[in-house]
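What the coordinates show
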Amino acid sequence: MRPATEFFAARQDGHGHGEEYTRVWIPDPEEVWKSAEIIRDYKEGDRTLRLKLEDETVLEYPINPEANELPFLRNPDILVGENDLTALSYLHEPAVLHNLKVRFLESNHIYTYCGIVLVAINPYEQLPIYGQDVIYAYSGQNMGDMDPHIFAVAEEAYKQMARDEKNQSIIVSGESGAGKTVSAKYAMRFFASVGGSSSETNIEDKVLASSPIMESIGNAKTTRNDNSSRFGKYIQIGFDKRYHIIGANMRTYLLEKSRVVFQAEDERNYHIFYQLCASAGLPEFKDLALTSAEDFFYTAQGGDTSIDGVDDASDFEKTRQAFTLLGVKESHQMTIFKILAAILHLGNLDFRSERDGESCTILAARICLT
C-alpha cells in the first residue's frame, strides 16, 4: 500500500539532524525500478511529482492520487541489507528486489529470510557453504540465531519434528533454474548428517543415492538451466523414535515425456542418454551398438550435445554406483540400459506410410543392429 500523505513534503525530518529528500522508486524499462528523490513539495491536485534521479536527471513524473497511483517509498539506508525482509519499513516489490540485490552483490549472501520463508538466489556456481562443518554449525541452532541458510530451515523442521512429534514439510518452489533441485539435495544432506542411522546399514547414504539416479533419468538441459528437473517430486524421509533415518520414498509426477522424442534448439534430451553414449566404449556395452550422441536423432535435435563443465561419462559412473548402492542388480541395470539404447536406435528409423493408411514400411536406419 502506498500512503499518499507521505508525499506532501519534498523533505522529511532527518531525526533532528537536518532534513533530507523523500526517496521513492519508479518503474524503469531497463533496470525494472529506479531510485529518485522528490525535490518539490507536493500540493493537493498536482498531477506530477518533480523527481531527481541518481544521475542528477530531473523529470516530471505523472501521478494519479485518486487511483492511489503513487511511487513506492524507499526504505532508509540503515535498513538496506537486512537478512529478514520483514524488518523493512516498506515491503513491496522494489524494496524486496533492492534488498536482495544489495545482499547478493555487496555482501555475497544468496539467502535472505522473509519471516519463516527462505528466499534463495541461484549464483550459478559452487559455493563453499555446504560442507560438513557448516552442517554441524547450524545443527541445534535456532532459525534466527545465524545467517539465513537452507540448513537453518532444515534444522528448524528437524527440531520441530523431535519436539512436537509431528510430521514436518519443506516446500521448495521457484521457476526453472531457481535452484530447487540443489536446495532439496542440500536439505536431504543435512537430514542424512544429523539424523544418520546408528547401525551399519548406511540408510542415509541410500537416501542421498536417489539424487544422481533421478537427475540422470529425469533432468535435462534447457535454455534456462543446464540441469532442469522435468518432473515434480515429493520426497518423504522416515525417522525412528530416536530421530535416526530409517528410510525414504519418492513420488514423481508430470514427467515431460515429449522430451524423449523432441528437443528445442540449444536443449538436450534426458542426461542418461548422453551418459550412455559417452560410455559406449565400455566392454559390457558392446552389444548395445552405441556411438556418439551426435549420431542419434533423439539426442542431436537441439544442436550441441555437450554441457560446459559436465563430464557425462563420469556422471554415468555415479549413476551406476547409485544403482548398486540402492540394491539394483547388475542384470537389472543392464536391462534398463538396453531399453534406453533401444529408444535411441528407434529414433533413427524412418517410416513411410502405405497408400492404404493402415501400414508402413521402414525406409532406412542410420545404424543397423544385428
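The rules we used
- Residues numbered from 1 in each chain as written.
- Predicted model: local features only at pLDDT ≥ 70, side-chain atom pairs only at ≥ 80, totals over all residues.
- Heavy atoms only, no water.
- Salt bridge = Lys/Arg side-chain N within 4 Å of Asp/Glu carboxyl O.
- Helix = DSSP H or I, 4+ residues; strand = E, 2+ residues; numbered from the N terminus.
- Buried < 20%, exposed > 50% of the residue type's maximum accessible area, 1.4 Å probe, protein only.
- Polar contact = N/O pair within 3.5 Å; in protein donor to acceptor, adjacent residues only side chain to side chain.
- Contact = heavy atoms within 4.5 Å.
- Expected span 1.5 Å × (residues − 1).
- Arc of directions from axis to C-beta.
- Core = buried A, V, L, I, M, F, W, Y, C linked by side-chain atoms within 4.5 Å.
- Axes fitted to C-alpha atoms, helices over the stretch in contact; angles between N-to-C directions.
- Parallel < 35°, antiparallel > 145°, perpendicular 65-115°, else oblique.
- Pairing = 2+ DSSP bridges.

So, on to the pattern of salt bridges. For the structure on display, the rule yields 16 salt bridges. Salt-bridge contacts for Glu 60 lead to Arg 40; the nearest nitrogen and oxygen are separated by 3.3 Å. Taken together, the positions of Glu 60 in strand S5 (residues 58-62) and Arg 40 in the loop between strand S3 (32-38) and strand S4 (48-53) put the pair 20 residues apart, joining distant regions of the chain. For Arg 40, a relative accessible area of 30% corresponds to the partly exposed category. Across the salt bridge formed by Glu 175 and Arg 224, the nearest N and O atoms sit 3.2 Å from each other. Residue Glu 175 is located in the loop between helix H3 (150-164) and helix H4 (180-194), and its partner Arg 224 is located in the loop between strand S9 (219-220) and strand S10 (228-229); the two are separated by 49 residues in the primary sequence. According to the relative accessible area criterion, Glu 175 is exposed, its value standing at 52%.

Attention now goes to the side chain of Arg 74. Topologically, Arg 74 is positioned in the loop between strand S6 (72-73) and helix H1 (93-107). Of the residues examined, Arg 74 reaches a relative accessible area of 12% and is grouped as buried. One polar contact links Arg 74 to Ser 35, side chain to side chain, over a distance of 2.6 Å. Engagement of the side chain of Arg 74 in a polar contact is seen with the side chain of Glu 54, the distance being 3.5 Å. Contacts of Arg 74, omitting those with residues within four sequence positions, involve Arg 23, Val 24, Trp 25, Ser 35, Glu 54, Tyr 90 and His 98.

Let us now look at H4. Between its terminal C-alpha atoms H4 stretches 21 Å, which fits the 21 Å expected from 15 residues at 1.5 Å a residue. Among the residues making up H4, those that are buried are Thr 181, Ser 183, Ala 184, Tyr 186, Ala 187, Met 188, Phe 190, Phe 191, Ala 192 and Val 194.

With that settled, the discussion passes to helix H9 (residues 330-346). Taking 1.5 Å per residue as the helical rise, H9 with its 17 residues ought to reach 24 Å, and the 24 Å between its terminal C-alpha atoms agrees with that figure. Within H9, the full set of buried residues consists of Gln 333, Met 334, Phe 337, Leu 340, Ala 341, Leu 344 and His 345. The arc that holds the buried residues of H9, viewed along the axis, is 145°, so those residues lie on one side. Away from its buried face, by an angle of more than 90 degrees, H9 presents the exposed residues Ile 339 and Leu 346. Structurally, H9 contributes buried residues whose contacts are with helix H6 (271-278), helix H7 (297-300), helix H8 (312-325) and strand S13 (349-353).

Membership of the largest hydrophobic core comes to 27 residues, with the highest contact counts inside it found for Tyr 130, Ile 150, Phe 151, Phe 190, Phe 191 and Ile 245. For this core, the elements supplying multiple residues, two or more each, are strand S7 (111-114), helix H2 (132-138), H3, H4 and helix H5 (203-218). Leave out the neighbours within four places in its chain, and Phe 191 touches Ala 154, Tyr 158, Ile 170, Gly 196, Ile 237, Phe 239 and Ile 245. Ranked by size, the runner-up nonpolar core spans 24 residues in total, among them Tyr 270, Ile 272, Phe 296 and Phe 323.

A word on the packing of H6 against H8. Two elements in contact, H6 and H8, have axes whose closest approach is 8 Å; the angle formed by their N-to-C orientations is 105°. What the angle tells us is that H6 and H8 run roughly perpendicular. Facing H6, whose interface residues are Ile 272, Tyr 274, Gln 275, Leu 276 and Ala 278, H8 presents Asp 312, Ala 313, Asp 315, Phe 316 and Thr 319.

The next thing to look at is unusual backbone geometry. Positioned with a positive phi, Glu 56 is a non-glycine residue whose angle comes to about 75°. Locating Glu 56 in the fold gives a position in the loop between S4 and S5. Within the chain, Glu 165 stands out as a residue other than glycine whose phi angle is a positive 55°. Among the secondary structure elements, Glu 165 is positioned in the loop between H3 and H4. Glu 165 gets classed as exposed once you look at its relative accessible area, which sits at 63%.

Quick look at the pairing of S4 now. On S4, burial follows the alternation: Leu 49, Leu 51 and Leu 53 on one face are buried, whereas Thr 48, Arg 50 and Lys 52 on the facing-out side are not. Pairing analysis gives three bridges linking S3 to S4, with the strands arranged antiparallel. Looking across to S4, one finds that Ala 36 is bridged to Leu 53. With five bridges connecting them, S4 and S5 associate as antiparallel partners. Of the residues in S5, the one forming a bridge with Leu 51 is Leu 59. Turn length for the S4-S5 hairpin, with the two strands adjacent in sequence and antiparallel, is four residues, and the turn residue Glu 56 shows positive phi of about 75°.

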